[in-house]
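Summary of structural features
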Amino acid sequence: MKLHHFYALLPLAAILAGCNAVELNPSGDVAVQERDLILYATELMLIVILPVAFLTTLFAWHYRHDNKSARYEPEWHHSTPLEVVVWGIPIIIIAVMSVTTWKTAHTLDPYAPITRLGPDQPVPPGTKPLVIQVVALDWKWLFIYPEQGIATVNEVAAPINQPIEFRLTADRTQNSLNIPAIAGQVYAMPTMETELHAVVNKVGEYRGKSSRFSGTGFSEMHFWFHGLSTEDFGKWVAQVKTAGGTLDTATYQQLQVQSVSEPVHRYGSVDPQLYKLAVDQCVGKPGNLCLSTIRANDFKKGNGLCRPNVSASN
Amino acid sequence: MSPDTPHLDPIFGRLTLDAIPFQEPILLGTFAVVVLLGIVVVGVVAYFNAWGYLWREWITSVDHKKIGIMYIILAIVMLVRGLADAVMMRLQQAMAFNGADGYLPAHHYDQIFTAHGTIMIFFVATPLIVGVMNFVVPLQIGARDVAFPFLNNIGFWLTTMAAMLVNLSLFVGEFSQAGWVGEPPLSGLADLPGVGVDYYLWALQISGVATIIGGINLLATIMRMRAPGMTFMRMSIFTWSSLCVNALIVLSFPFLTIAVSLLTLDRLIGTHFFTLDAGGNPMAYVNLVWVWGHPEVYILVLPALGLYSEFVATFCSKRLFGYNSMVVALVSICVIGFIVWVHHFFTMGSGASVNAFFGIATACVAIPTGVKVYNWLFTMYRGRIRFEVPMMWTISFMFVFLLGGLTGVLNSIPAADYVLHNGMMVVAHFHNVAIGAITFAMLAAIDYWFPKAFGFRLEPFWGKVAVWSWTIGFFVAWMPIYVAGFVGVTRRTRVFDDPSLQPLYIIAAIGTAIILVGVVAFLIQIYVSIVNRKALRDVTGDPWGGRTLEWSIASPAPDYNFAFTPVVHDVDAWADMKARGYKRPTEGFKAIHMPKNTATGIIASILVFIFAFAVIWYMWWVAAISFLLLLGVLIGHTFIYDRSFHIPEDVVTRTENERTRLLAQQG
């Protein structure tokens, strides 16, 4: 942590002592940059806020009613130089910050593929991200590793220093995938697919959770994210594989049943079409009920909406 | 009607005895208390045989002052309900650690936080600002009433009926569990088939329409009914903020009406605007509701900012610094407020440039807001600051608001929002503003204009106790929540798996208790002041050395406000009149033309209430009858041509002579 950041943290440090301040001490490069951004913006604004707080105290004391020695000018109500300052300072501060806002909105865009593992540490050319497909169900998280052909519920792992590409959707309610130690969050929403790119830099166990209220079992919708060395990740995958069990349409339909505090499940193999069908809202349903088919029919004839039972051959 | 609703009773629809929560001791206890209080109120009214008085002087009144006061009373009663919800949440969150489940099961906890948000926004904050605007604006512009007195009356009763509806859901049925903006798909029929969401939707719909009616009314009043000489640039800053706010209401509340209507249709007749299947799109609701929801934030905060400008100028005994800047700042907040709504869902996967645009637009609100803070500061500069209760609220606000501004700008940065979104940091931020800016301003306003409403000042000691308790309580209650935000705690969480957070929540619960002391102190203040009203009597009508027109008339303000319409020559018209040695006219009074009371407002609102209740429970025959009756009443009302009367000359003369006598006694 840079020194000037340390000073900005001082007021907080007192309260935070003893707390597990994950967002201020993250373990993934994206989260680190987001933390630095928050500290930078805080410092920038303290430039205005501290003097105003000081002056408010000073003026309130000095111009109190019984201090007859203080100057009193009841008609003084305008000063062009002061007006310039009054408008100028906030404009400058916000202008400076807007530059950062614009830049970071692009560099830290959850959709942007990871380009660096840390400061001055670009991703080695040819590195492929680890793809993890995520489905938020009521009320548990399903993680599918398409390349490894495995799946887990309420548990997820990734090797350190390899970009991770989360692809997210949801079954019925909207949720938000949030692992504060490694990156910010993005919503997982039914009928849609969103993306979150992240990287974990340190081996460790990190809390993950849903950050969008989704009903009864929402509070218990947390899981552990294992940051593992590449070697341990390979072992973990092998372990899951040997655990056996297949995530297919039938198992998915069981997961669709609402449940609270679902224990960890592991599946050694996965129906490769399952995630696509989950986005399409038609796991275990006839193909003509898939949203993509209905939408295509809408485009073609404008009748998909009114007659969802029209067969695909139409 | 949901096609798969089983056993729909032809008379009671889906209402059965099961809807009454006999198995919930907390609810039954609350119900008992409410019934008891109701009996006490009815008993008191019956004892004094005040039915006729209440009906003539309050219920059917079109006097903007009385309607304003009734709005504020409604808000204070609802504040107690909202606070009870807050206390229950704080207790639950302080308890539910280390595997403990707390005392609230999920379906109950989810109802409580939804109720807290819904009630605080729609039935506390909104009626408070509408009430204060209603009371103050006509007085400040030298008018005798609002432009549409009947609309004012019906607007109030619709709001009240909406509040009753939302509270009825506590005892008959359930509350919504979908959060205070009720976003689908969670609020759809598929996920929450019960009556909770329907209660919520109808309460919002009714109070939303009432707010639009009120907005049109005050907008027309400010545009058309200013005293001669009061150009736009001579209006008080509070009147300016009211103008901006009512423009915002008229522009933004229709979006809420649309969003709520479409969701109601989805639930009631099976349309697919926001459903997951058949081409519905929940994202459309999120956009619609926040196109209303963000301007709503400014609807609530701008009047507060306007109020502080009044207090600072009055209690610094000095003209407001940078009046023109203040006006420009208000208008720009109003305009920018309309292009920031996406910041409520940066995390829904909009493109980077879209997010950046809305983030920067949001941060731009900080510029005019910052200007306002500086201008209050420079109004204090070379002033003579009297630390009366409203001024103490103002100074406390300035500190609390600086923190709220800082955290607001932090949240506006999309890349920071990915971390902070839906976290306790956001919750702390908007409570920082909702308490520190809005609530403080409203409590100060009650203190400030109380003499104008009732003729005596509020006892300052308990007011100061309230200021200190709220201020200290705010920091104790919300600083730990800010910390929880940085630690990564998510809002609306019922139980926690991380034990290191518990101290934070215990401190926050203590802070809430300190705020409660503030609320109690405020209630004691009112009680003590009523008891000591003779000693606290405001004879002059100008207890604070005021600067605006309402202080030129008697306290309490007479029914007709101004015996003669004042002529305005400067900003701070009353200060200007005093400086020029204004002599109050003591003769030559004339009869004054005033609007007549009306019973249509309350009758129509009760019918709306019955209609909504019937639709919620699928009692179609009741709905049909009440709707037809409502149409009949409203059409019938248009045939009432005799809507005004004259306050006779001798009554005006008598009232004004009494004031002359009191002023002379004062010396």
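Here the residue index of a chain counts from 1 through its sequence in written order. Lettering of chains starts at A and numbering of ligands starts at 1, both following the order in which they are written. Reporting in this predicted model follows two pLDDT cut-offs: at least 70 for local features of residues, and 80 or more for side-chain atom pairs to be given and counted; totals over whole chains, interfaces and linings ignore these cut-offs and use all residues. The side-chain figures draw on all heavy atoms in the structure; neither hydrogens nor water molecules are used.

A word on the overall build of chain A. Numbering of helices and strands starts at the N terminus; helices are DSSP runs of H or I of at least 4 residues and strands are runs of E of at least 2. Looking only at helices and strands, chain A has 7 helices and 15 strands in total. Think of it in three bands: with a 1.4 Å probe and only protein chains considered, a residue is buried below 20% of the maximum accessible area for its type, exposed above 50%, and partly exposed in between. Residues counted as buried form 54% of the 314 residues belonging to chain A. We call two residues contacting when some pair of their heavy atoms lies within 4.5 Å. Pairs at least 24 residues apart make up 65% of the contacts formed inside chain A by residues separated by at least 6 positions. Per-residue and other accessible areas were derived by the Shrake-Rupley procedure at a 1.4 Å probe size, with only the shown protein chains allowed to occlude residues. Working note: accessible area of chain A is about 14000 Å², and carbon and sulfur atoms make up 62% of it.

Residues and elements named next belong to chain A. Most of strand β3 (residues 130-137) is tucked away: 8 of the 8 residues are buried. In terms of strand pairing, β3 meets strand β7 (residues 164-170) through 7 bridges, oriented parallel. Considered in β7, the bridge of Ile 132 is made with Phe 166. Looking at chain direction, β3 and strand β4 (residues 140-145) are connected through 5 bridges and run antiparallel. In the strand pairing of β4, Val 135 is matched with Leu 142. The turn linking β3 back onto β4 is made up of 2 residues. DSSP calls a pair of strands paired once it identifies at least 2 bridges connecting them.

Put simply, buried Ala, Val, Leu, Ile, Met, Phe, Trp, Tyr and Cys residues joined by side-chain atoms within 4.5 Å make one nonpolar core. Membership of the largest hydrophobic core comes to 290 residues, with the highest contact counts inside it found for A:Tyr145, A:Phe166, A:Phe225, B:Trp376, B:Trp449, B:Tyr505 and B:Trp617. A per-element tally of this core places helix α8 (residues 282-315) of chain B first, with 20 residues. Segment limits for the domains were obtained from an automatic or database-derived domain assignment. Per-domain counts for this core show at least three residues from each of domain 1 (3-60 + 81-107) and domain 2 (124-278) of chain A. When sequence neighbours within four positions are dropped, the list of residues in contact with A:Phe166 reads A:Ile132, A:Val134, A:Leu177, A:Ile179, A:Thr194, A:Glu195, A:Leu196 and A:Phe225.

On to the pairing of strand β12 (residues 223-228) of chain A, then. Residues and elements named next belong to chain A. For β12, a buried count of 5 out of 6 residues is recorded, marking the element as mostly surrounded by other parts of the structure. Sheet topology places strand β6 (residues 155-159) next to β12; 5 bridges connect them, and they run parallel. Counterpart to Glu 155 in the pairing with β12 is Trp 224. Taken together, the 5 bridges between strand β11 (residues 204-210) and β12 define a ladder with antiparallel strand orientation. Bridge assignment links Gly 208 to a residue of β12, and that residue is Phe 223.

Before going further, it helps to examine the domain arrangement of chain A. Residue and element names in this part refer to chain A. When cut into domains, chain A gives domain 1 (3-60 + 81-107), domain 2 (124-278) and domain 3 (280-314). Once you take the C-alpha centre of each, domain 2 and domain 3 turn out to be 29 Å apart. Taken together, the 11 residues of domain 2 in the interface contact 8 residues of domain 3. Taken over both partners, the interface formed by domain 2 and domain 3 buries close to 740 Å², and the fraction arising from carbon and sulfur atoms is 52%. Two parts placed together each lose some accessible area under a 1.4 Å probe, and adding up what both lose gives the buried area.

As a further point, take the pattern of salt bridges. Think of a salt bridge as a Lys or Arg side-chain nitrogen and an Asp or Glu carboxyl oxygen that are within 4 Å of each other. Applying the stated criterion to the full structure yields 31 salt bridges over all chains. With a shortest N-O distance of 2.8 Å, A:Arg35 and A:Asp36 are connected by a salt bridge. As a salt-bridge pair, B:Lys578 and B:Asp542 come within 2.7 Å of each other at their nearest N and O atoms. With a gap of 36 residues between them, B:Lys578 in helix α17 (residues 573-579) and B:Asp542 in the loop between α16 (502-531) and α17 connect regions that are remote in the sequence. Taking the relative accessible area as the measure of exposure, B:Lys578 reaches 33% and is therefore partly exposed. Look at B:Asp542 and you get buried, because its relative accessible area is 15%. Ionic contacts of the salt-bridge type, sharing partners, join the residues A:Glu165, A:Arg167, A:Glu193 and A:Glu195 into one network.

Note on aromatic contacts: the rings of Phe and Tyr and the six-membered ring of Trp form a pair at centre separations within 6.5 Å, being stacked when their planes are under 30 degrees apart, edge-to-face when over 60 apart, and tilted otherwise. For the structure shown, the criterion picks out 60 aromatic pairs over all chains. Summarising the aromatic geometry, the rings of B:Tyr308 and B:Phe397 are spaced 3.7 Å apart at their centres and angled 10° between planes, so their arrangement reads as stacked. Placement of the pair is B:Tyr308 in helix α8 and B:Phe397 in helix α12 (residues 389-412), with a sequence separation of 89 residues. The pair formed by B:Tyr308 and B:Phe397 is uniform in burial state, with each residue classed as buried. Sitting over a ring, as applied to charges here, requires NZ of Lys or CZ of Arg to be within 6 Å of the ring centre and within 35 degrees of the ring normal. Across from the ring centre of A:Trp61, 4.0 Å away, lies the NZ or CZ of A:Arg64, which sits over that ring. Above the ring of B:Phe232, the side-chain terminus of B:Arg226 is found at 4.1 Å from the ring centroid.

Our focus in this paragraph is the interface of chain B and chain A. With 86 residues of chain B at the contact, the number on the chain A side is 91 residues. Close ionic contact of A:Arg207 with B:Asp497 constitutes a salt bridge, the shortest N to O distance being 2.7 Å. Under the rule applied, a polar contact is a pair of N or O atoms within 3.5 Å (in protein, one hydrogen donor and one hydrogen acceptor; residues adjacent in sequence only if both atoms are side-chain atoms). The tally of links from chain B across to chain A stands at 25 residue pairs in polar contact (both at pLDDT 80 or more). Put simply, the parts of the chain that give the side of chain B that touches chain A at least two residues each are α4 (106-140), α8, α9 (323-336), α10 (352-364), α11 (366-380), α12, α13 (414-420) and α15 (460-487) of chain B. The element that contributes the greatest number of residues to the side of chain B that touches chain A is α11(B), accounting for 10 residues.

Residues and elements named next belong to chain B. Lines are fitted to the C-alpha atoms to define the axes, a helix being fitted only along its stretch in contact, and any angle between axes, read from their N-to-C directions, falls within 0 to 180 degrees. As a packed pair, α8 and α12 sit with axes 9 Å apart at the nearest point and diverge in direction by 125°. Here α8 is positioned oblique relative to α12, judged by the angle of their axes. Crossing geometry of α8 relative to α12 is assigned as left-handed. Contacts between α8 and α12 involve Leu 305, Tyr 308, Phe 311, Val 312 and Phe 315 on the former and, on the latter, Pro 390, Met 391, Trp 393, Thr 394, Phe 397 and Phe 401. Orientation is classified from the angle alone, with under 35 degrees giving roughly parallel, over 145 giving roughly antiparallel, 65 to 115 giving roughly perpendicular, and any other angle giving oblique. Crossing handedness follows the turn of the near helix against the far one: under a right angle anticlockwise gives a left-handed crossing, and clockwise gives a right-handed one.

Another point: a nonpolar patch on the surface. Patches draw on residues past 30% relative accessible area with no salt bridge. Two like charges within 9 Å are joined, as are two nonpolar side chains (Val, Leu, Ile, Met, Phe, Trp, Tyr) within 5 Å. A cluster of nonpolar side chains, B:Phe627, B:Leu628, B:Leu631, B:Ile635, B:Phe639 and B:Tyr641, forms an exposed patch at the surface whose accessible area comes to about 710 Å². Its relative accessible area of 55% is what places B:Phe639 among the exposed residues.

Okay, the confidence of the model for chain B next. Confidence along chain B averages 94 in pLDDT terms, with 99% of residues attaining 70 or more. Taken together, the chains of this predicted complex give a pTM of 0.94 and an interface ipTM of 0.92. For every residue, the pLDDT score states the predictor's confidence, bounded by 0 at the bottom and 100 at the top.

Note on terminology: disulfide denotes any pair of cysteine sulfur atoms within 2.5 Å. In this structure the tally under the stated criterion is 1 disulfide over all chains. Residue A:Cys282 pairs covalently with A:Cys290 via a disulfide, S to S 1.9 Å. A torsion of 85° about the S-S bond marks the disulfide between A:Cys282 and A:Cys290 as right-handed. There is no split in this pair, since A:Cys282 and A:Cys290 are both buried. Here B:Cys334 is not disulfide-linked; the sulfur of B:Cys244 is the nearest cysteine sulfur, at 4.5 Å. B:Cys364 takes part in no disulfide bond, and the closest cysteine sulfur, belonging to B:Cys334, lies 16 Å away. The class for B:Cys364 is partly exposed, based on a relative accessible area of 23%.

Here the focus is the confidence of the model for chain A. On average, chain A scores 89 in pLDDT, and the residues at 70 or more come to 88%. Scored below 50 in pLDDT, residues 306-314 of chain A makes 12 contacts in the model with residues more than four places away or belonging to other chains.

Further remarks concern the environment of B:Pro414. Structurally, B:Pro414 can be placed in helix α13. Residues within four places of B:Pro414 in sequence aside, it is in contact with A:Thr101, A:Ala105, B:Phe346, B:Asn355, B:Ala356 and B:Gly359.

Residue and element names in this part refer to chain B. The contact between α12 and helix α14 (residues 424-454) brings their axes to 9 Å, and the two run at 160°. In this view, α12 runs roughly antiparallel relative to α14, as classed from their interaxial angle. In this structure, α12 crosses over α14, and the sense of that crossing is left-handed. Its residues placed into classes, the contact of α12 with α14 shows 16 nonpolar, 8 polar and 1 charged. Amino acid classes used here: Ala, Val, Leu, Ile, Met, Phe, Trp, Tyr, Cys and Pro are nonpolar; Asp, Glu, Lys and Arg are charged; the rest, including Gly, are polar.

Attention now moves to the sheet that holds β7(A). Residue and element names in this part refer to chain A. Pairing in this open sheet of 6 strands is mixed, and the strands run β10-β7-β3-β4-β5-β14 from one edge to the other. Each edge of the sheet is formed by a strand with only one pairing partner; in this case those strands are β10 (194-198) and β14 (265-267). With strand direction ignored, the average angle separating the axes of adjacent strands in the sheet is 20°. Across 3 bridges, the pairing between strand β5 (residues 150-153) and β14 is antiparallel. Note on β14: the bridge partner recorded for Thr 152 is Arg 266. In this fold helix α4 (residues 230-242) packs onto β3, β4, β5 and β14, with an angle of close to 85° to the strand it touches most, β5.

Bringing the sheet that holds strand β8 (residues 175-178) of chain A into the picture now. Residues and elements named next belong to chain A. Strand order in the open sheet formed by 5 strands is β6-β12-β11-β8-β9, with mixed pairing between adjacent strands. The open sheet has two free edges, formed respectively by β6 and β9 (186-188), since each of these has just one partner strand. For this sheet, the mean angle separating the axes of adjacent strands, direction not counted, is 30°. Those strands touched by α4 are β6 and β12, and its axis lies near 140° from that of β6.

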